[in-house]
Amino acid sequence: MQATILDGKATAAAIRERIGQDVTRWMQSGGAVPCLTAILVGDDPASQVYVRNKHRACQQVGIDGRVERLPAETGQAELLELVRRLNADPEVHGILVQLPLPQADDPAARIDPREVLDAIDPAKDVDAFSPVNVGLISQDRPRFLPCTPQGIVRLLAHYGLRTAGRRVVVIGRSDIVGKPIAMMLASKDGVCGPDYANATVTLAHSRSSDLPSITREADILIAAVGRPELIRGDWIRPGAVVIDVGINRVGDRLVGDVAFDEAVAVASAVTPVPGGIGPLTIAMLLQNTLDAAKRSAGGQTV
Ligand code: NDP
C-alpha cells in the first residue's frame, strides 16, 4: 500500500484564500480591519521566524498584523502591563504571546507564562489557551478553538476522512495540542460537523505502557510528542490515517514524530513534515482573528 500524502500546504492555501475573501467582504460591509498583535519577548531565532511567518500571513489576507517586541530582560510586571494595554485597545482583536518566554537566571526575575496567558482577555485569546476558552470547548460550546487542533480537524474534513464512530489515538497530552484535539474529536458537534467529531478517543502519553499496542488499535493516529520518528511503521494499523504534528530539528532537517517512509508503506493517508499540520495552524490563527473582530463588532463576549 502507498499512502495518500495529506497536503497541508495546499489545504491551508485554499483556506487562507477564503479567509482573505471573507476579510474583504467584512471590511466592505463597514467592519473594522481585523487586527492581531503578537508579543515577542527576547531574540529566540525560532520564535522570530514563527512571528515573522504569522505577520506575513496576516498581511496576505488583509489582517493588520502587529508585533510588540520586548527585550529578553523584560519582567513580569512590564509584560502584564502590555497585555492589559492591548486588552483595552479597541483596535486590537487578537493577542498572542509567542512561547517560549525567555527565562532569567534569577528565579525571582522569572516570568510565569501561565499568569501572562491568563491575563489575556478571553475575547481576544485567539490561541484559545485561557481557562475560560478551554472550559467552553470542554462543554462543546467553543468561542475559539486552538489553532493546531482546529487545523487537524480541517485537514481531515478537507480529505473527507470522517472520525465519527472511529477509534482515534492521540499521543501527547499538552494543553495546546493533545488535550484539546482529544476533547474536540470526542465531542458531539465538532467544528466541521458531527462527522468530524464523535470519535472514540484514547489519550496516550509518556507514562502509557506498551504504546505500540495502543497505537495499533487506531483508525486515526495523531502524534504530538516532540520525539523524532518515535512512531515506527509496525506501530501503525494497516490502512490507518496518520497525522504527524511533531516538528523536530535533526541536524539541518525537520522531521516529525512518525518515521515517514515506514508510515507511507502501511497507512492509507499520512501528513508530511514539513508541509502537513504546520501551515494549517497559521491559517486557523487568521480565522480566529477574523472571528474575534466580527464578535467584537457584535458586542459578543461568548
Ligand atoms: P509537549 O512537550 O508540551 O508535550 C509532549 C507530550 O508528549 C507530553 O504529553 C508527553 O508526555 C508526551 N511524550 C513525550 N515523550 C513521549 C514518549 N516517549 N512516549 C509517549 N508520549 C510521550 O509538546 P507539544 O504538544 O507542545 O508539541 C508536540 C510536538 O508538536 C512538538 O514537536 C512541537 O514542535 C510540535 N508542534 C507542532 C505544531 C504545528 O503547528 N505543526 C504546533 C504545536 C506543536 P507527558 O505529559 O507524560 O510528559
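Residues numbered from 1 in each chain as written. Predicted model: local features only at pLDDT ≥ 70, side-chain atom pairs only at ≥ 80, totals over all residues. Heavy atoms only, no water.

1. Quick look at the overall build of the protein chain
Applicable threshold: By definition, any uninterrupted DSSP run of H or I lasting at least four residues is a helix, any uninterrupted run of E lasting at least two residues is a strand, and each is numbered from the N terminus. To get the radius of gyration, use the C-alpha atoms; to get the globule rule, take the number of residues to the power 0.38 and multiply by 2.2 Å. The cut-offs for exposure are 20% and 50% of the maximum accessible area for each residue type, with area from a 1.4 Å probe on protein chains only; residues under the lower value are buried, those over the upper are exposed, and the others partly exposed. All accessible areas in this document rest on Shrake-Rupley with a 1.4 Å probe, and a residue is counted as covered only by the protein chains that are shown. When charges are counted, neither His nor the chain ends are considered; positive counts come from Lys and Arg and negative counts from Asp and Glu. Where a charge lies is defined by one atom per residue type: Lys uses NZ, Arg uses CZ, Asp uses CG and Glu uses CD.
Within the protein chain, the regular secondary structure consists of 10 helices and 11 strands. The C-alpha radius of gyration computed for the protein chain amounts to 19 Å, which stays within 12% of the reference 19 Å derived for 302 residues, consistent with globular compactness. Projected onto the principal axes, the alpha-carbon positions of the protein chain cover approximately 55 × 50 × 35 Å. Taken across its 302 residues, the protein chain has 47% of its residues classed as buried. Accessible surface, the protein chain: about 13,900 Å² in total, of which carbon and sulfur atoms supply 50%. Side chains of the protein chain give 32 positive and 35 negative charges; the mean places of these two sets differ by 4 Å.

2. Remarks on the packing of aromatic side chains
Geometrically, a pair of aromatic rings is defined through the distance of the ring centres and the angle of the planes. Rules: Pairing of aromatic rings covers Phe, Tyr and Trp, the last through its six-membered ring, and needs centres within 6.5 Å; plane angles under 30 degrees mean stacked, over 60 mean edge-to-face, and all others mean tilted. Look at NZ for Lys and CZ for Arg. If either is within 6 Å of the ring centre and within 35 degrees of the ring normal, a charge sits over the ring.
Counted according to the given criterion, the structure contains zero aromatic pairs. The side chain of Arg295 reaches across the aromatic face of Phe144, ending 5.0 Å from its centre.

3. Quick look at a nonpolar patch on the surface
Test applied: Here the term patch refers to residues with relative accessible area over 30% and no salt bridge, with like charges joined within 9 Å and nonpolar side chains (Val, Leu, Ile, Met, Phe, Trp, Tyr) within 5 Å. The rule for a salt bridge is simple: a side-chain nitrogen of Lys or Arg has to be within 4 Å of a carboxyl oxygen of Asp or Glu.
A cluster of nonpolar side chains, namely Tyr50, Ile247 and Leu254, defines an oily patch on the protein surface of about 260 Å² accessible area. Looking at where Ile247 falls in the secondary structure, it is placed in the loop between β8 (241-244) and β9 (248-250).

4. Concerning the domain arrangement of the protein chain
For the record, the criterion: Annotation comment: domain bounds sourced from an automatic or database domain assignment.
For the protein chain, the domain assignment lists domain 1 (31-121) and domain 2 (146-278). One C-alpha centre belongs to domain 1, the other to domain 2; they are set 29 Å apart.

5. A short note on the sheet that holds strand β7 (residues 220-223)
Spelled out, the test is: Each pair of strands is called paired provided DSSP finds at least two bridges between the two strands.
Taking strand neighbours across the sheet as the criterion, the six strands line up as β1-β11-β8-β7-β5-β6 in an open arrangement whose pairing is parallel. Edge positions in the sheet fall to β1 (4-5) and β6 (200-204), since each of these pairs with one other strand and no more. Here β7 pairs with β8 via four bridges, running parallel. Counted as the bridge partner of Ile220 is Val241 from β8.

6. Description of the site of the ligand
Convention followed: Throughout this document, a residue counts as near a molecule or strand when at least one of its heavy atoms sits within 4 Å of that molecule or strand. Any pair of N or O atoms that falls within 3.5 Å is considered a polar contact. Within protein, one atom must be able to donate a hydrogen and the other to accept it, and sequence-neighbouring residues count only if both atoms are side-chain atoms. Nonpolar residues are Ala, Val, Leu, Ile, Met, Phe, Trp, Tyr, Cys and Pro. Charged residues are Asp, Glu, Lys and Arg, and all others, Gly as well, are polar.
Contacts to the ligand come from 21 residues, most closely from Arg173, Ser174, Ser206, Ile247 and Thr281. One of the side-chain N or O atoms of Ser206 is found 2.5 Å from an oxygen atom in the ligand. Between Thr281 and the ligand, the recorded distance is 2.8 Å, taken from a side-chain N or O atom to an oxygen atom. Grouping the amino acids of the shell around the ligand by side-chain chemistry returns nine nonpolar, 10 polar and two charged.

7. Some details on the environment of Gln48
Quick reminder of the rule: Contact criterion: two residues are considered in contact whenever any of their non-hydrogen atoms come within 4.5 Å of each other.
Structurally, Gln48 is set in helix α2 (residues 45-61). Distance in space between the C-alpha atoms of Gln48 and Asp89 is 24 Å, their sequence separation being 41 residues. In contact with Gln48, other than residues within four places in its own chain, are Leu40, Gly42 and Asp43.

8. Quick look at the nonpolar core
Cut-off, in case you're wondering: What we call a nonpolar core is a set of buried Ala, Val, Leu, Ile, Met, Phe, Trp, Tyr and Cys residues that are connected through their side-chain atoms within 4.5 Å.
In this structure, Ile152, Ile222, Val241, Ile243 and Val245 are the most contacted members of the largest nonpolar core, which totals 52 residues. Looking at this core element by element, the count peaks at 10 residues for helix α10 (residues 277-297). The two domains that each donate at least three residues to this core are domain 1 (31-121) and domain 2 (146-278). Residues within four places of Val245 in sequence aside, it is in contact with Thr148, Ile152, Val177, Ile222, Ala223, Ala224 and Ile277. Counting 19 residues, the second largest nonpolar core, distinct from the first, contains Ile171, Leu211, Val258 and Val270.

9. Thoughts on the pairing of strand β4 (residues 94-97)
Residues Gly94 and Leu96 of β4 are buried on one face, and the alternating residues Ile95 and Val97, pointing to the opposite face, are buried as well. In this sheet, β4 lies alongside strand β2 (residues 35-41) in parallel orientation, the contact comprising four bridges. For Leu36, the partnering residue across the bridge sits in β4 and is Gly94.

10. Some words on the sheet that holds strand β3 (residues 64-70)
For clarity, the threshold we go by: Axis definition: a line fitted to C-alpha atoms, limited for helices to the stretch in contact. Angles are taken between N-to-C directions and run from 0 to 180 degrees.
An order of β3-β2-β4 is seen for the three strands of this open sheet, with the pairing classed as parallel. Each end of this open sheet is capped by a strand with a single partner; those strands are β3 and β4. Put simply, the sheet's adjacent strands are angled 20° from each other on average, direction ignored. Across seven bridges, β2 lies against β3 in parallel orientation. Following the sheet pairing, Thr37 is matched in β3 by Arg66. Against the sheet, helix α3 (residues 76-88) engages β2, β3 and β4, with an angle of about 175° to β2.

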